[in-house]
Structures are given as C-alpha cells and as structure tokens.
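# Breakdown of the fold
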Amino acid sequence: MIIPMWTSERALVPLREVLQLFPPNNWRWMVEDFDGVIRRLPTDFGSATWAQFQEMVAAGAVAFDWNGIQQFADGVDQMIEGRIVATDENDTTVVQLDAFDSTEYEIIIDPAWSGVAAVASAVRSGLVPRRAP
C-alpha cells in the first residue's frame, strides 16, 4: 500500500497520521533506518544528540511499544527516508513501513493479521487521518 507523503494541497502527511491507521497494539516497533527532521526525541533518549540517535538506530537499539512509537512520531516533523518494523509477540513482522525520498510511504502488512483489511480499505479510500486545524 502506498500513501503519498504530500496531499494534493501540498500539505505533508506526517508519520503520526500514518501510524493512526493502526489500532492500539502490543507490537514491538523498531526504527531500523531513519533520516528526517526530528523536533524532539522521546524522553527515553535523554539528551541524546542526532549523531547518538543515528548510532542507536544502526545498532538496532531504537524500539518502542505502541505509546512509545506514538511519542516518537509526535516529535518527527518529517520522515525523509527510513524503515519502521512492527513485530508481534512471536517476533513475526506484522507491519513494515518505509519512507522514500520525501515522496511516499509504503506499508507492507502481514496478510495473516486480522486488521489488514481495515487498513487497506482506509488507505484505498484516502482516509489517512488528518489533524484538526
């Protein structure tokens, strides 16, 4: 599933809105690669610099629960390139979210996940949640 990163009105679709396509869950959300503009890191990272954050990503040390990935996304002004993967309790990849060159998000969902149809329908309908003005 592809979601354009920009609306027809040239407004950015932030990571937070893409994540809102998914219901609250108990998955483990791993930031495997990230390039973007971050306003603030979650408090778990203390006073980490951008370089330290990038080192943590490279080491596979940036993982969140559902609330944590929401907090992370709240601090992201723009995801330019990257990959975020969600795994279930069996360490099976349920969701892979990729960002490509500030143009689009691609979401790959395990077809065995029970919520795949609802997310696919929302994406096809263009129902990416929008923030209230």
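The coordinates are above.
In this text, all values refer to a predicted model and were calculated from it rather than measured experimentally.

### Thoughts on the nonpolar core
By size, the foremost hydrophobic cluster in this structure holds 35 residues, and its most contacted members are Leu-15, Phe-22 and Trp-29. Broken down by secondary-structure element, the contributors of at least two residues to this core are helix H1 (15–19), strand S2 (28–38), helix H2 (50–58), helix H3 (66–74), strand S4 (76–87), strand S5 (93–100) and strand S6 (104–109).

### Overview of the packing of aromatic side chains
Going through the model one piece at a time under the given rule, you end up with ten aromatic pairs. Taking the centre distance of 5.5 Å and the plane angle of 75° together, the rings of Phe-34 and Phe-72 count as edge-to-face. Residue Phe-34 is found in strand S2, and its partner Phe-72 is found in helix H3; the two are separated by 38 residues along the sequence. For the pair Phe-34 and Phe-72, a shared accessibility class is recorded, and that class is buried. Here the aromatic rings of Trp-50 and Phe-53 are separated by 5.7 Å at their centres, their planes lie at 35°, and the arrangement is tilted. One end of the pair, Trp-50, and the other, Phe-53, are both in helix H2, three residues apart, so they sit about a helical turn from each other. Judged by relative accessible area, which is 37%, Trp-50 ranks as partly exposed. With relative accessibility at 0%, the residue Phe-53 sits in the buried group. An aromatic cluster of three or more residues is present, and its members are Phe-34, Trp-50, Phe-53, Phe-64 and Phe-72.

What counts and how
- Residues numbered from 1 in each chain as written.
- Predicted model: local features only at pLDDT ≥ 70, side-chain atom pairs only at ≥ 80, totals over all residues.
- Heavy atoms only, no water.
- Core = buried A, V, L, I, M, F, W, Y, C linked by side-chain atoms within 4.5 Å.
- Buried < 20%, exposed > 50% of the residue type's maximum accessible area, 1.4 Å probe, protein only.
- Helix = DSSP H or I, 4+ residues; strand = E, 2+ residues; numbered from the N terminus.
- Phe/Tyr/Trp six-rings, centres within 6.5 Å; stacked < 30°, edge-to-face > 60°.

That is the geometry; function is a separate question.
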